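Breakdown of the fold
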Number of protein chains: 2
Amino acid sequence: MNKEKASRLIDAAMGRSLCDLVIRNAEVVDVCNKNSFKADVYVKDGMIAGFDGDRKAKEEIDAKGKFLLPGLIDAHCHIESSHLSPSEFSDAVIPCGTTTVIADPHEICNVTGLDGMKYMLDASEDIPLSVFLMFPSCVPATPFEHAGAILNKDEIEKFIDNPRVLGLGEMMNYPGVASCDETVMDKLECAYKRGKNIDGHAPSIKGPALDGYRAAGITTDHECETPEELTDKVRKGMYVMLREGTACKNVLQLLPGVTEGNSSRILFCTDDRQPQSIVEEGHVNYGISLAIQHGLNPYTAVSMATLNAAICYGLKDRGIIAPGYRADFILTSTLNEGIKPDEVFILGKKVAEKGKILAKAKHTEPLNVSGKMDVKDFSATKLSFRPGSDHVRIIDIIPGGVVTGNGEGWIKRDENGEWIHEDDKDILKLAVVERHHGTGNVGVGLIRGYGMKHGAVATSIAHDSHNIIVIGDNDSDMVAAVRKLIETGGGITMFKDGKELGTHVLEIAGLMTDQPLEEVTDCLRKMHQTADKELKVNSKIDPFMTLCFMALPVIPSLKLTDCGLFDVDAFSFTETAIKE
Amino acid sequence: MNKEKASRLIDAAMGRSLCDLVIRNAEVVDVCNKNSFKADVYVKDGMIAGFDGDRKAKEEIDAKGKFLLPGLIDAHCHIESSHLSPSEFSDAVIPCGTTTVIADPHEICNVTGLDGMKYMLDASEDIPLSVFLMFPSCVPATPFEHAGAILNKDEIEKFIDNPRVLGLGEMMNYPGVASCDETVMDKLECAYKRGKNIDGHAPSIKGPALDGYRAAGITTDHECETPEELTDKVRKGMYVMLREGTACKNVLQLLPGVTEGNSSRILFCTDDRQPQSIVEEGHVNYGISLAIQHGLNPYTAVSMATLNAAICYGLKDRGIIAPGYRADFILTSTLNEGIKPDEVFILGKKVAEKGKILAKAKHTEPLNVSGKMDVKDFSATKLSFRPGSDHVRIIDIIPGGVVTGNGEGWIKRDENGEWIHEDDKDILKLAVVERHHGTGNVGVGLIRGYGMKHGAVATSIAHDSHNIIVIGDNDSDMVAAVRKLIETGGGITMFKDGKELGTHVLEIAGLMTDQPLEEVTDCLRKMHQTADKELKVNSKIDPFMTLCFMALPVIPSLKLTDCGLFDVDAFSFTETAIKE
């Protein structure tokens, strides 16, 4: 706001000048009193000018029978999970009613470091969706793998004064906070100095451990799993988020803990929503709708998703339909059954109608964030696997989550000690190919439960370092799949008998694409069908998402990184061979 | 917070180091969930370290049977109204449970300009009470009088970046905002630029007029008088304060408008509390107690006076009893009957017990803010009053408020046209003596309803410009009273037949004193008795407070400034003489 803009708005509010727009007869959701009232809502210069009165406006819209509510704020998300670039993400989520997101570009920064941060800021600068960023606090996520960058205090200092950077992203390194690790404390201090937020990530942390975490100044948590955990974290002064992602869904688990008394401390977020979930269910409106359908007062629900998030992140210009606030709003025929926007307005301009965006957001060239594929000397030799024993450790896939079992089994080896695939056993080779620094690192191990009979699947989405992960029964298809991703700059691909069965190109950092949501989901749908029909992947798991989490060494129990097999419970590397 | 301090706090929270203090068995008020829970509360380095667990502490206090709640925040007050300097004010209000105030030094700045601002900052720097300031937005309050300073954009810019200056003080110039007055917009922009708050002052403003006011970015209002007005202002996105001052009392008026749904948008404040009210009733705890006694959920009430105020003003380190927040708290045996603190702690140190402060706050010399008495050529001649007609306008005192009547009457004049006091008529002479710039200005008029038979009363508290105001039946006592105030540097004094009946010295800007609350109230009590017995002042009015508001040209209907008689309804100067 500046005085010229304020003066123009005051003039419009006082009826001395023409407003740009009036929405007549709307049932306005009042998130401050938590009720609604019928009014004509006037807009000038993208801001709400006032209600009713004798003003004039250039354009009129009749909203009789419709609720008018503030644009929804997703309090924590990773845009990368949508596979979409910021402009395509904007086009995808605005029709769902999301007008502001607080995004943690943790994934792209793990690949491209500060170039990723710069790209996410640039690419979200001039698009209808308001994108605020939290600077990723944990890049790399662990020291047990090679990520594309190391972001510490000096890197944070370069970006944290940007007004669109609201603080430090989810501090997943709980042990580092609890032990006052010097590097972690240096990062936290970047936020302390500026009074900026620090997002938390504290699954199941409680008691003195939670005291210590909160004493570090952590502002929020989005990892609660029970109503008791929610109540405890709210009590300890944290804002708690009800998360409804694609894999992690907590809204219904946590809802019994939400009361009229504590609702002002609770927000909604999506964290990670896959493109298919956005198309089929919606975005942050989906979690809100679920909560309303299961008994949460709709006005309370809307407040949580608008006013509360604005307060938590210090966004003083939004979250309320009232004079002097941004004219970001939704018109919807339903409220008591959930929020399905008929029309979405940003800065007083209609930007979506009946689930469709009206104009494409401005595209930004993905400079310096093309899928970086610095893979050294890759060939079948790198996939050679001689475990040194027939009795081996095997990563056991557990359907429905990202936790794996630390399994055992017996395998066959050839005369050179090389592992031999057996058709009647559901054991496949898994490899993680380092792609950031040309180290030539390839970690190889065994995995059970994927179901695939013959072929290979590879992806450059492999949390959190996003090396190339590939699964297969034969080295030839595995090599072809990896080579395909090196060639495309990343994505997801499938090979069988040397033939490419399908590729979803993610040319931005190997994580995102500038294709629109519809094309992305079309492509993924076809690839899912192929994975099912041609590769016979276990129908109880998502063939691609499952792979994405097999290299994440912070989730139990057995995982594979580019540095080797990792026993998460023991928090140390281990061997495939079980030596008696 | 910095990393060293955070690390020490984390160490304490994790039980690795000794805490300074533990309050055992407290019933902790949880302002976030709005309930309470039993816990041992650990403190380290002035911050809350955690609850329960196996930690050790140097000092233990058993709080069995007591509620532990966050220190109270007075969201809007004028310290000057207490007659106390910041250090004495700190000693006076802390025993009431107030640990933070948002103060608008509007009065002292009207007298001493930026020196007043500097003094208020300096004098409140190292005292137990946390004092945050709002830079006064309306100095002078009107162009119809001479104040000690003119504070515009350039002056605001000098102070507004101070971290203890939270924004712009109450914007009383509603017409200036509504008309986008250039000077007013320049002031507002100082806050816009920094994202700082702008306090409001919008009695009875509603509809498009309120839209315009809120469109200017005004954050709060403390002038609501009806539940409907509260609901309306909350709806329009403002935080609303329940005010319980000495003269203006709105808590019970507004309480019916407070709901569980809107309570997060509502705060408590005192605005103006006289020293007697603090002694007899308390401070912000009095308004909170009233609300609780009249049915407000005590947890909601406490949240409003702590968490909500902290959120509204961006004070992220306080307002909640939880790890990482300041250990400013109250122990009280009662909650459901209101808040009367047994003990008060600030930064984990006990600072008050049973209504008494335990150690005097550090005194700061009132440099450059001594009672400025630049009065030119003052003598009885200046009080000469020749109205030019026997038929005159008279300021009619209306007991119980600060509004006056625009009265008429018939007087006697001597051969020179000089007004003659008549013993059987309750009409007295009123004069306002300019004291800031040596203009020699003296405004003279007539006033009815004060009751005094013989003598003079003068004070240098005369809102908002704080010139010397004097009332009397004879010039000789009036001159003596004014001279006494010039000599003492300000205060309140009474004379009769040339004899000084009592003087309350306010040596700081003529508004405040470095004497403690007890001495101030003792002195005022004796002076009230004298005013009653010796001067026979109307028992239905406060002899001193009434005088303080007779020079305030924004409150209807007839007032007197150093520039002359002012018809507030017509918003222009007028004459005492009614010429037929």
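Because the structure is predicted, anything quoted here is derived from the model rather than measured.

1. Focus: the overall build of chain A
Along the backbone of chain A there are 16 helices and 30 strands. Against the 2.2 N^0.38 benchmark of 25 Å for 580 residues, chain A shows a C-alpha radius of gyration of 25 Å, consistent with a compact globule. Principal-axis analysis of the C-alpha atoms places the extent of chain A at approximately 90 × 50 × 45 Å. In chain A, which comprises 580 residues, the share counted as buried stands at 65%. By sequence separation, contacts in chain A at least 24 residues apart represent 68% of the contacts at least 6 residues apart. In the structure as shown, chain A presents an accessible area of about 19500 Å², 49% of it carried by carbon and sulfur atoms.

2. Quick look at the packing of helix α7 (residues 182–194) of chain A against helix α1 (residues 3–13) of chain B
With their axes 9 Å apart at the nearest point, α7(A) and α1(B) run at an angle of 120° to one another. Relative to α1(B), α7(A) is oriented oblique. The handedness of the crossing between α7(A) and α1(B) is right-handed. Judged by residue contacts, Glu182(A), Met185(A), Asp186(A), Glu189(A) and Tyr192(A) of α7(A) engage Lys3(B), Glu4(B), Ala6(B), Ser7(B) and Ile10(B) from α1(B).

3. Re the interface of chain A and chain B
Tallying the contact residues gives 64 residues for chain A and 63 residues for chain B. Between chain A and chain B the total buried area reaches about 4800 Å² when both faces are included, carbon and sulfur atoms providing 55% of it. For chain A, the biggest contributors to the area lost against chain B are Lys3(A), Asn33(A) and Arg235(A); these three give 15% of the whole. Connecting chain A to chain B are eight salt bridges. Across the pair Lys3(A) and Asp186(B) runs a salt bridge whose closest N-O atoms are separated by 2.4 Å.

4. Re the side chain of Thr100(A)
All names here are of chain A. In this structure, Thr-100 sits in strand β7 (residues 98–103). Side chain to side chain, Thr-100 and Arg-318 meet in a polar contact 2.8 Å long. Not counting residues up to four positions away in its chain, the partners in contact with Thr-100 are Leu-72, Ile-73, Asp-74, Leu-129, Ser-130, Phe-132, Leu-315 and Arg-318.

5. Things to note about unusual backbone geometry
Geometrically, the link from His463(A) to Asp464(A) is a cis peptide bond, its omega value of -10° lying close to zero. On the secondary structure map, Asp464(A) appears in the loop between β24 (456–459) and β25 (468–472). Here the bond from Pro556(A) into Ser557(A) is cis, since omega is 0°, no more than 30 degrees from zero. With respect to the helices, strands and loops of the structure, Ser557(A) is situated in the loop between α16 (543–548) and β28 (558–561). One non-glycine residue with positive phi stands out, namely Asp52(B), at about 50°. Judged by its relative accessible area of 33%, Asp52(B) falls in the partly exposed class. We note that His466(B) has phi near 55°; this positive angle belongs to a residue other than glycine. Here His466(B) is to be found in the loop between β24 (456–459) and β25 (468–472). By relative accessible area, His466(B) is classed as buried at 0%.

6. Focus: the relation of the copies chain A and chain B
For these two chains of identical sequence, chain A goes onto chain B by a turn of 180° and a shift of 0.0 Å along the axis, with RMSD 0.0 Å. Taken together, these values place the two copies in the relation of a two-fold axis. Most of the interface of chain A is mirrored in chain B, where 98% of its interface residues again form contacts.

7. Thoughts on the environment of Lys559(A)
Residue and element names in this part refer to chain A. By the element assignment, Lys-559 lies in strand β28. For Lys-559, a relative accessible area of 0% puts it in the buried group. For the pair Lys-559 and Phe-37, spaced 522 residues apart in sequence, the C-alpha separation works out to 55 Å. The contacts of Lys-559, once residues within four sequence positions are left out, are Ile-395, Val-402, Thr-404, Phe-549, Met-550, Ala-551, Leu-552, Pro-553, Gly-564, Leu-565, Phe-566 and Val-568. Reaching out from Lys-559, the side chain makes a polar contact with the backbone oxygen of Ile-555 at a distance of 3.0 Å.

8. Let's talk about the pattern of salt bridges
Summed over the entire model, instances satisfying the criterion amount to 80 salt bridges over all chains. Residue Lys58(A) is joined to Asp20(A) by a salt bridge in which the shortest nitrogen-to-oxygen separation is 3.5 Å. Of this pair, Lys58(A) sits in strand β4 (residues 57–62) while Asp20(A) is found in strand β1 (residues 19–30), placing the two residues 38 residues apart along the sequence. With a relative accessible area of 60%, Lys58(A) lands in the exposed category. Among the salt bridges present, the one from Arg413(B) reaches Asp390(B), with a minimum N-O distance of 2.7 Å.

9. Thoughts on the sheet that holds strand β23 (residues 442–448) of chain A
All names here are of chain A. Spatially, eight strands are ordered β19-β18-β23-β22-β25-β24-β26-β27 in an open sheet, and the strand pairing comes out mixed. One side of each edge strand has no neighbouring strand; the edge strands of this open sheet are β19 (404–410) and β27 (499–505). Taken over all neighbouring pairs, the strand axes of this sheet differ in orientation by 25° on average, direction set aside. Here helix α14 (residues 475–488) sits on the sheet and contacts β22 (427–433), β24, β25, β26 (491–496) and β27; the angle it forms with β26, its principal contact strand, is near 150°. Together, β26 and β27 form the strand contacts of helix α15 (residues 517–533), whose direction differs from that of β27 by roughly 150°.

10. Focus on helix α12 (residues 284–293) of chain B
All names here are of chain B. Across the ten residues that make up α12, a large majority, eight, are buried. Residues of α12 that are buried: Val-284, Asn-285, Gly-287, Ile-288, Ser-289, Leu-290, Ala-291 and Ile-292. Tucked into the core, α12 has its buried residues touching β6 (72–77), β7 (98–103), α10 (251–254), β13 (266–269) and α13 (298–312). Of the residues one or two after α12, Gly-295 is the one with positive phi, at around 110°.

11. Overview of the packing of aromatic side chains
Think of a pair of aromatic rings as described by two things: how far the centres are apart, and how the planes are tilted against each other in angle. This model, assessed by the stated rule, comprises 18 aromatic pairs over all chains. Ring centres of Phe144(A) and Phe573(A) lie 6.0 Å apart, and the angle between their planes is 80°; on these two criteria the pair is classed as edge-to-face. Taken as a pair, Phe144(A) in the loop between β8 (130–135) and α5 (153–159) and Phe573(A) in strand β30 (residues 572–573) lie far apart in primary sequence, 429 residues in all. An aromatic cluster is defined as three or more aromatic residues linked by ring pairs; in this entry it consists of Phe144(A), Phe566(A), Phe571(A) and Phe573(A). Directly above the ring of Phe37(A) sits Arg235(B), whose terminal nitrogen or CZ lies 4.0 Å from the centroid. When the ring centre of Tyr239(B) is taken as origin, the NZ or CZ atom of Arg265(B), which lies over that ring, is 4.0 Å away.

What counts and how
- Residues numbered from 1 in each chain as written.
- Chains lettered and ligands numbered in written order.
- Predicted model: local features only at pLDDT ≥ 70, side-chain atom pairs only at ≥ 80, totals over all residues.
- Heavy atoms only, no water.
- Helix = DSSP H or I, 4+ residues; strand = E, 2+ residues; numbered from the N terminus.
- Rg over C-alpha atoms; globule rule 2.2 N^0.38 Å.
- Buried < 20%, exposed > 50% of the residue type's maximum accessible area, 1.4 Å probe, protein only.
- Contact = heavy atoms within 4.5 Å.
- Areas by Shrake-Rupley, 256 points an atom, 1.4 Å probe, with all protein chains shown as cover.
- Axes fitted to C-alpha atoms, helices over the stretch in contact; angles between N-to-C directions.
- Parallel < 35°, antiparallel > 145°, perpendicular 65-115°, else oblique.
- Left-handed = near helix turned anticlockwise from the far one by under 90°.
- Buried area = accessible area lost by both parts, 1.4 Å probe.
- Salt bridge = Lys/Arg side-chain N within 4 Å of Asp/Glu carboxyl O.
- Polar contact = N/O pair within 3.5 Å; in protein donor to acceptor, adjacent residues only side chain to side chain.
- Least-squares fit on C-alpha atoms with pLDDT ≥ 70 in both.
- Pairing = 2+ DSSP bridges.
- Phe/Tyr/Trp six-rings, centres within 6.5 Å; stacked < 30°, edge-to-face > 60°.
- Lys NZ or Arg CZ within 6 Å of the ring centre and 35° of its normal.

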